[in-house]
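Reading the structure
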Amino acid sequence: MAAALGKLMGRVPALGTLCRRSCNEGHVFLNYSGPTPMQQRCGYSSHTGSVIVEMDKATGVALLKLNIPPVNSLSLDLLTELAIVLDKLEMDKHCRGLILTSAVPNIFSGGLNLLDMMNKPNEHYSEFWRAVQEIWIKLYGSSLASIAAINGSSPAGGCLLALCSDYRIMANNPRFMIGLNETRLGIVAPFWFKDTLSNTVGNRTAELSLSLGAMYTPAEALSLHVVDRLVPETQLLSAATEEMGRWLRVPDHARQITKSMIRKSTIERLLNQREDDIKNFVDFVSRDSIQKSLQHYMQSLQK
């Protein structure tokens, strides 16, 4: 998960301080310094510290960058902030498409923050898992056309974020890896992680991937349909923008209804069992054996 990649990047990720609002004005602040080409095309930029959004009103496409070095750990703070941003984009009448990527070099997302799963009261575990569910519901069921521009490694929860998108483009760098590798940490991916992967790659590939905690190179991920396309790193965002144009040529209502028909039953399965799923997670992660396993894993990263 995130901690393992933190070690590879030279440090173990810690819970970041969420900067949701400006100190002086009490609202999400805009960052106009150094406008990007997207900003120059009649758009705006919103920077909350953990999430950067560049909205191009001319095309209706929002570029969302995760920005929690070193590995974009999916902490409770980041998940909460991301949920707020996604709600705003859904309500923005100018927004039709979302490109999800990372502002941190060589990493898309390191997955769930293990520090939110260790030495915390059960109330925290419950709140954390509800936030994980909420992001999946919002992304997997989004009315926006969504493309993941995967510009680095993406294990576990990071892989789930990418799988929620309508289309996935990955930088073709053999050092990057992607997959749901929870079993390697002694953790079991919940049924809705499994459903999302099965819907993408098929039952047999999902079974092998989840059972073995498999991580795939870009070429392997493409062959298994974990991702849809590979491009050189320098062409990733331009390729995502080009692909978004193809999706936006389809009338929104037709695309949205089709997406709902395909994904609705998967989402409803979690909604109907949401509280049970939270209870199962809390019961599992609060076990002494699991806590010890996570602690040993974290200690091994610091040796």
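These numbers were taken from a predicted model, which means no experiment stands behind them. (Residues numbered from 1 in each chain as written. Predicted model: local features only at pLDDT ≥ 70, side-chain atom pairs only at ≥ 80, totals over all residues. Heavy atoms only, no water.)

**Quick notes on the overall build of the protein**
Counting its secondary structure elements, the protein contains twelve helices and ten strands. Residues counted as buried form 54% of the 303 residues belonging to the protein. Here the contacts in the protein between residues at least 6 apart in sequence split such that 73% fall between residues at least 24 apart. Carbon and sulfur atoms make up 54% of the accessible area of the protein, which amounts to about 13,700 Å² in all. (Helix = DSSP H or I, 4+ residues; strand = E, 2+ residues; numbered from the N terminus. Buried < 20%, exposed > 50% of the residue type's maximum accessible area, 1.4 Å probe, protein only. Contact = heavy atoms within 4.5 Å. Areas by Shrake-Rupley, 256 points an atom, 1.4 Å probe, with all protein chains shown as cover.)

**What about the environment of asparagine 67?**
You can see asparagine 67 is positioned in the loop between β3 (61-66) and α3 (76-91). In this structure, the C-alpha to C-alpha distance between asparagine 67 and serine 102, residues 35 residues apart in sequence, is 6.4 Å.

**Observations regarding the packing of helix α6 (residues 191-201) against helix α7 (residues 203-212)**
Remark: α6 packs on α7, axes separated minimally by 7 Å, with the N-to-C direction vectors making an angle of 135 degrees. It follows that α6 is oblique to α7 by the angle criterion. Viewed along their axes, α6 and α7 form a crossing whose handedness is right-handed. Contact residues: α6 offers Lys194, Leu197, Ser198 and Val201, while α7 offers Asn203, Thr205, Ala206, Ser209 and Leu210. Here the residues of the contact of α6 with α7 sort into four nonpolar, four polar and one charged. (Axes fitted to C-alpha atoms, helices over the stretch in contact; angles between N-to-C directions. Parallel < 35°, antiparallel > 145°, perpendicular 65-115°, else oblique. Left-handed = near helix turned anticlockwise from the far one by under 90°. Nonpolar A, V, L, I, M, F, W, Y, C, P; charged D, E, K, R; others polar.)

**A look at the pattern of salt bridges**
The full count for this structure, using the stated rule, is 16 salt bridges. Across the salt bridge formed by aspartate 252 and arginine 96, the nearest N and O atoms sit 2.9 Å from each other. A residue pair is termed long-range when its members are at least 10 positions apart, and aspartate 252 in helix α10 (residues 252-272) and arginine 96 in the loop between α3 and β4 (97-102) qualify at 156 residues. We classify aspartate 252 as partly exposed; its relative accessible area is 23%. Accessibility expressed as a relative area gives 26% for arginine 96, which makes it partly exposed. A salt bridge links glutamate 134 to arginine 274; its shortest N-O distance comes to 2.7 Å. (Salt bridge = Lys/Arg side-chain N within 4 Å of Asp/Glu carboxyl O.)

**Describing helix α11 (residues 274-285)**
Relative to the 16 Å expected for twelve residues at 1.5 Å per residue, α11 spans 17 Å between its end C-alpha atoms, a close match to the ideal helical length. All of the buried residues in α11 are Arg274, Asp277, Ile278, Phe281, Val282, Phe284 and Val285. Buried positions in α11, seen along its axis, are confined to an arc of 165 degrees and lie on one side of it. When the buried face of α11 is taken as reference, the exposed residues oriented beyond 90 degrees from it are Lys279 and Asn280. Where α11 is buried, its residues meet α4 (122-140), α6, α10 and α12 (288-301). (Expected span 1.5 Å × (residues − 1). Arc of directions from axis to C-beta.)

**What to know about unusual backbone geometry**
Geometrically, the link from proline 69 to proline 70 is a cis peptide bond, its omega value of 5 degrees lying close to zero. The topology assignment puts proline 70 in the loop between β3 and α3. Positive phi, normally seen in glycine, also occurs at histidine 225, with a value near 70 degrees. Within the element layout of this structure, histidine 225 appears in the loop between α8 (218-223) and β10 (229-231).

**Side note on the sheet that holds strand β7 (residues 152-155)**
A sheet is described by the order of its strands in space; here three strands give the open sequence β5-β7-β9, paired in parallel fashion. Here the strands that pair on one side only, and so sit at the sheet edges, are β5 (106-107) and β9 (178-179). (Pairing = 2+ DSSP bridges.)

**Structural notes on the packing of aromatic side chains**
Counted under the stated rule, the structure contains eight aromatic pairs. Centre to centre, the rings of phenylalanine 128 and phenylalanine 281 are 6.5 Å apart; their planes meet at 50 degrees, and the pair counts as tilted. Here phenylalanine 281 lies in helix α11 and phenylalanine 128 lies in helix α4, a separation of 153 residues in the sequence. Phenylalanine 281 shares its class with phenylalanine 128; the two are buried. The rings of Phe128, Trp129, Trp136, Tyr140, Trp192, Phe193 and Phe281 are connected pair by pair, giving a single aromatic cluster. (Phe/Tyr/Trp six-rings, centres within 6.5 Å; stacked < 30°, edge-to-face > 60°.)

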